[in-house]
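Observations on chain architecture
The primary structure of each chain is shown beneath.
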Amino acid sequence: MHLAAGAVINAAWDLAARRAGLPLWQYLTSLSPDTIVDCVDWRYLTDALTPAAARDLLADRLPGRAERAEELLAGGYPAYTTSAGWLGYDDAKVTRRALRAQADGFAMVKLKVGADLHDDLRRFTAAREALGPDFPIGIDANQRWGVGEAIGWVSALGHLGPYWIEEPTSPDEILGHAAIRTGLAHAGPGGSPIRVATGEHVHNRIMFKQLLQADAVDVVQIDSARVAGVNENLAILLMAAAFGKPVCPHAGGVGLCELVQHLSFFDYTSVSASLSGRMIEYVDHLHEHFADPVRIVNGRYAAPVAPGFSARMHEESLTRYAFPDGPEWKDV
C-alpha cells in the first residue's frame, strides 16, 4: 500500500511540475520554506525535528539558492556506479569496468560482497590495485548478514579501505545498524572508521528517524519509490540535514535514476546546500524507455531541464511490455 501511495503521489508531483513548466527539482526549489514544511506529515517526527526547526533550516538556505541551482545546471551532480562490481563478474571484468568508471569521472565504484569472503578479498584487492589507494570503493552486502557476521566480514576487508558498507543487515535492524557502526569504528586502514549506509529498503520516515536518532548510519540512502513519494522523501531529506548526515540515493532499478536525481538536486539547492560526501548511484539500465532519460556527463548527473519528474515512459514501451497482453509476453 505504501509503494502504491508513493506512485500516486509521485505522479501528482510530476503533473504539478509539468503544469509549472519546470523540472521537478527546480519546481521544488522555487517553493517557499513554509510550503515545503506544509508538504510534510509531521506525525511521529517532532521528537527529532519540529516544523519550526525545519522552516528555520530551509530559511537559512535561501541565500545562495539561485547560485547553487545555476551551479547544477552548469556542472551537474556527482555520481557513482554500481556497474563495475556485480557478483559473478570475474576479476578481469571488475578491473576493466572499474578503470573505465574512474576514467569516465565517476566519484566512486561499488562492489557487491557477501557470497564468499575469499572471493570478496580477491575481487576487492584487484579493484584496489587497479584504482590506487585513494579512489573510493564502496561495498554492498544487500542485507546478507547478521550483526556479528557483518562486523567480522567487513573487518576482514577493512585494510582495503571500503568507503562504506551498504545494507550490511536487515533494513529493519535499527539497533543492529548502530551496533555494526560501533563495531566498524576502527576497522578501516590505520584504525579509521568504515561508514555504514542504508535506506533503499527502509519503509518509512519513522524508521529513518530512528536510524538517525540512534546514530546508526553515516550515509542516508533514500529511494524515490520505496516510501510514500516526494512528500515523505522531503521529510527524510530535512531530518538527514538536521542530523548532519549526507544523502546518497539508491538508484538501482528501472526509472529510479530518472526520478531520484530531482530529489538530490533539490537537496543541494535548498536543504543541505552541500555536495560534500554526496553522490547519486548510477546504473546504466533501460534508460532508453524514458522520454527524458538521465544524462551522465563526465561522471556527473546533468541537470534535468524538461518539465516534470522525468518519469514519463515512451508509449511504445508501455504497450510492448504491458503484462499480460503486451507483445513481449505472447511466447512466455
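Further up the page is the structure itself.
So, about the overall build of the protein. Along its length, the protein carries 13 helices and nine strands. Taking 332 residues into account, the globule formula puts the C-alpha radius of gyration at 20 Å, and the protein, at 20 Å, falls close to it. Considered along the principal axes of its C-alpha atoms, the protein spans approximately 55 × 55 × 40 Å. Excluding contacts between residues fewer than 6 apart, the proportion of contacts in the protein whose partners are at least 24 apart in sequence is 74%. Here the protein has roughly 13900 Å² of accessible surface; of this, 55% comes from carbon and sulfur atoms.

Our focus in this paragraph is the side chain of Thr-29. By the secondary structure assignment, Thr-29 is in helix α2 (residues 24-30). Discounting chain neighbours no more than four positions away, the residues touching Thr-29 are Arg-65, Phe-266, Thr-269 and Ser-270.

Our focus in this paragraph is helix α5 (residues 65-75). Residues Arg-65, Arg-68, Ala-69 and Leu-72 constitute the buried set of α5. An end-on view of α5 places all buried positions within 105° of arc, on one side of the element. Seen from the buried face of α5, the exposed residues on the opposite side, beyond 90 degrees, are Ala-66, Glu-67, Glu-70 and Ala-74. Buried residues belonging to α5 abut α2, β1 (77-85) and α12 (256-271). Directly after α5, the chain includes Gly-76, whose backbone phi takes a positive value near 75°.

Attention now goes to the pattern of salt bridges. Under the criterion given, the structure shown has 18 salt bridges. Between Asp-34 and Arg-55 there is a salt bridge; the shortest N-O distance is 2.5 Å. One end of the pair, Asp-34, is in helix α3 (residues 33-38); the other, Arg-55, is in helix α4 (residues 51-60), and 21 residues separate them in sequence. Exposure remark for Arg-55: the relative accessible area of 29% places this residue in the partly exposed category. The partner of Arg-278 in a salt bridge is Asp-267, and the shortest N-O contact between them spans 3.9 Å.

In the case of a regular strand, side chains alternate between the two sheet surfaces. The side-chain alternation of strand β2 (residues 109-112) yields two buried faces, one formed by Val-109 and Leu-111 and the other by Lys-110 and Lys-112. Here β1 runs beside β2; their pairing, made up of two bridges, is parallel. Note that in β2 the partner of Gly-85 across the bridge is Leu-111. Once you follow β1 into helix α6 (residues 91-103) and on to β2, the crossover reads as right-handed.

Attention shifts here to the nonpolar core. Among the nonpolar cores identified, the biggest contains 87 residues, and Ile-165, Val-220, Leu-238 and Tyr-301 are the most heavily contacted of them. With residues up to four places along the chain from it excluded, the contact list for Leu-238 reads Val-40, Trp-42, Leu-49, Ala-54, Leu-57, Leu-58 and Val-271. Counting eight residues, the second-largest nonpolar core is a separate cluster that includes Tyr-163, Ala-197, Cys-248 and Met-279.

This part is about the environment of Val-202. You can see Val-202 is positioned in the loop between β5 (195-198) and α10 (205-213). Note on Val-202: relative accessible area 0%, which makes it buried. Sequence separation of Val-202 and Asp-172 is 30 residues, and the distance between their C-alpha atoms is 6.9 Å. Leaving out residues up to four positions away in the same chain, Val-202 has contacts with Pro-171, Met-207, Phe-208, Leu-211, Arg-226 and Val-227.

Reading guide: rules and limits
Per chain, the residues get numbers from 1 upward, laid out in the order the sequence is written. Note on the predicted model: pLDDT of at least 70 is required for a residue's local features to be given, and 80 or more for side-chain atom pairs to be given and counted; whole-chain, interface and lining totals, by contrast, use all residues. Water and hydrogen atoms were dropped before computing side-chain values, which therefore reflect all heavy atoms in the structure. Counting from the N terminus, the helices are DSSP H or I runs at least four residues long and the strands are E runs at least two residues long. The globule rule is 2.2 Å times the number of residues to the power 0.38, and the radius of gyration it is compared with is taken over C-alpha atoms. Any two residues whose heavy atoms approach within 4.5 Å are treated as being in contact. Residue burial considers only the protein chains on display, and all accessible areas are found by Shrake-Rupley using a 1.4 Å probe. Any residue under 20% of the maximum accessible area for its type is buried, any over 50% is exposed, and the rest in between are partly exposed; the area is computed with a 1.4 Å probe on protein chains only. The arc in question is formed by the directions pointing from the helix axis toward the C-beta atoms. For salt bridges, the criterion is a side-chain nitrogen of Lys or Arg within 4 Å of an Asp or Glu carboxyl oxygen. Strands are treated as partners if at least two bridges between them are detected by DSSP. Whether a crossover is right-handed comes down to one check: with the strands pointing away from the viewer, does the path from the first strand over the helix to the second run clockwise; if it does, it is right-handed. The term nonpolar core refers to a set of buried residues drawn from Ala, Val, Leu, Ile, Met, Phe, Trp, Tyr and Cys, joined through side-chain atoms within 4.5 Å.

This is a description of form; function is not addressed.
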